[in-house]
Amino acid sequence: MSFNLRHRSYLKELDFTPDELRFLVKLSADLKAAKYAGYERPRLTGKNIAMIFEKTSTRTRTAFEVAAKDQGAHVTYLEPSGSQIGHKESMKDTARVLGRTFDGLAQNAGVPVWNGLTDEFHPTQILADVLTMTEHTDKHLHDIAYCYLGDARNNMGNSLMVGGCKFGMDVRLCAPRGLWPDKELIETCREIAEGTGARLTLTDDVDEGVSGADFLYTDVWVSMGEEKSVWEERIKVLTPYQVNKDVMARTGNSKAKFMHCLPAFHNRETKVGEDIFQQYGMDGLEVTDDVFESEQSIVFDQAENRLHTIKAIMVATLGD
């Protein structure tokens, strides 16, 4: 089934119907197959795309750049330190200027806008996650169960809850009650679940959350932009929700896989990781290294699929 999403912006999962989201995942799989087999056909030839980032990025930036170039588009990367954004010109004014020059990505500009990531939602990531899940199980989407452990108030907690309910999946968020998503968003997702057949569980009990799950998912405990002062409290309340070998075993599912949107603090091989070890004595935070590096881990499949799903969004909303 095809959908006409041309000229649509992709800002959050709530803006799209379940069928539209399924179409984007299917298109992602088709584009991935085409790239691997060497028959990909450029649909964005001659398009000019502006990438506006307010935070540093690895996966999101490179996925957008490679996806655009694969499809024949030209890309310009902008960040606050290299432009007048927020300094001498507002984001809204900048966007309207860029809208006269570029074909995509500039908000308030009259062209499709694609949200790579905000504090509230991570909508391109959830498409990559669902594509990755379908690649690692024979189950239908409706039968897939996944559990997110950690700070469920962050953009990944929100997007996994909304996206999973849109796709009609068995969605579990496992976190201390003080770190659950906004109540209004939870109620919205429960309403969505009534229509899609999704099952939504919020719990602070790890065994309840992970039992029978096909996928365990986590994210960093402190998000970009948060002060270092929150580390001690976050480690104290979230250590019981760390994904380790014991928690993987408690799924009761020998085929259960581990997922993470990355970057991950799973060892001491980063400055932040070493600082955390020196201060708190932990050489892995949200996930232990033995899980991250195990055969159960599919995190790099997720990372690759950012490329294919972002490409699908571009092609569907801007392609000829």
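Refer to the structure above for everything that follows.
The following paragraphs examine the structure supplied in this document.

Scoring rules and cut-offs
Residues numbered from 1 in each chain as written. Predicted model: local features only at pLDDT ≥ 70, side-chain atom pairs only at ≥ 80, totals over all residues. Heavy atoms only, no water. 1 Å grid on protein atoms, 1.4 Å probe; cavity = no way out; pocket = protein on both sides within 12 Å on 5 of 7 lines; lining within 4 Å. Points joined across faces, edges and corners; volume = space filled by probe spheres on them. Helix = DSSP H or I, 4+ residues; strand = E, 2+ residues; numbered from the N terminus. Nonpolar A, V, L, I, M, F, W, Y, C, P; charged D, E, K, R; others polar. Salt bridge = Lys/Arg side-chain N within 4 Å of Asp/Glu carboxyl O. Buried < 20%, exposed > 50% of the residue type's maximum accessible area, 1.4 Å probe, protein only. Axes fitted to C-alpha atoms, helices over the stretch in contact; angles between N-to-C directions. Parallel < 35°, antiparallel > 145°, perpendicular 65-115°, else oblique. Contact = heavy atoms within 4.5 Å.

1. Comments concerning the layout of surface pockets
Item 1. Reported here for the second largest pocket is a volume of approximately 240 Å³.
Item 2. As for the second largest pocket, its lining consists of 14 residues, and the residues nearest its centre are Leu27, Leu31, Arg41, Arg43 and Val315.
Item 3. Listed by contribution, the elements that provide at least two residues to the lining of the second largest pocket are helix 1 (18-37) and helix 12 (299-318).
Item 4. In terms of residue count, the dominant contributor to the lining of the second largest pocket is helix 1 (5 residues).
Item 5. Considering only residue class, the lining of the second largest pocket consists of 9 nonpolar, 1 polar and 4 charged.

2. Re the pattern of salt bridges
Item 1. Within this structure, the stated rule accounts for 20 salt bridges.
Item 2. Linking Glu20 and Arg8 is a salt bridge whose minimum nitrogen-to-oxygen distance equals 3.2 Å. In this pair, Glu20 sits in helix 1 while Arg8 sits in the segment before helix 1, placing the two residues 12 residues apart along the sequence.
Item 3. A relative accessible area of 26% places Arg8 in the partly exposed class.

3. Comments concerning the packing of helix 8 (residues 231-238) against helix 10 (residues 271-280)
Item 1. Following both chains from N to C, one finds helix 8 and helix 10 inclined at 75°, their axes separated by 12 Å at the closest point. With respect to their mutual orientation, helix 8 and helix 10 come out roughly perpendicular. Of the residues in helix 10, those in contact with Trp231, Glu232 and Ile235 of helix 8 are Val272, Ile276 and Tyr280.
Item 2. Partitioned by chemical class, the residues of the contact of helix 8 with helix 10 number 5 nonpolar, no polar and 1 charged.

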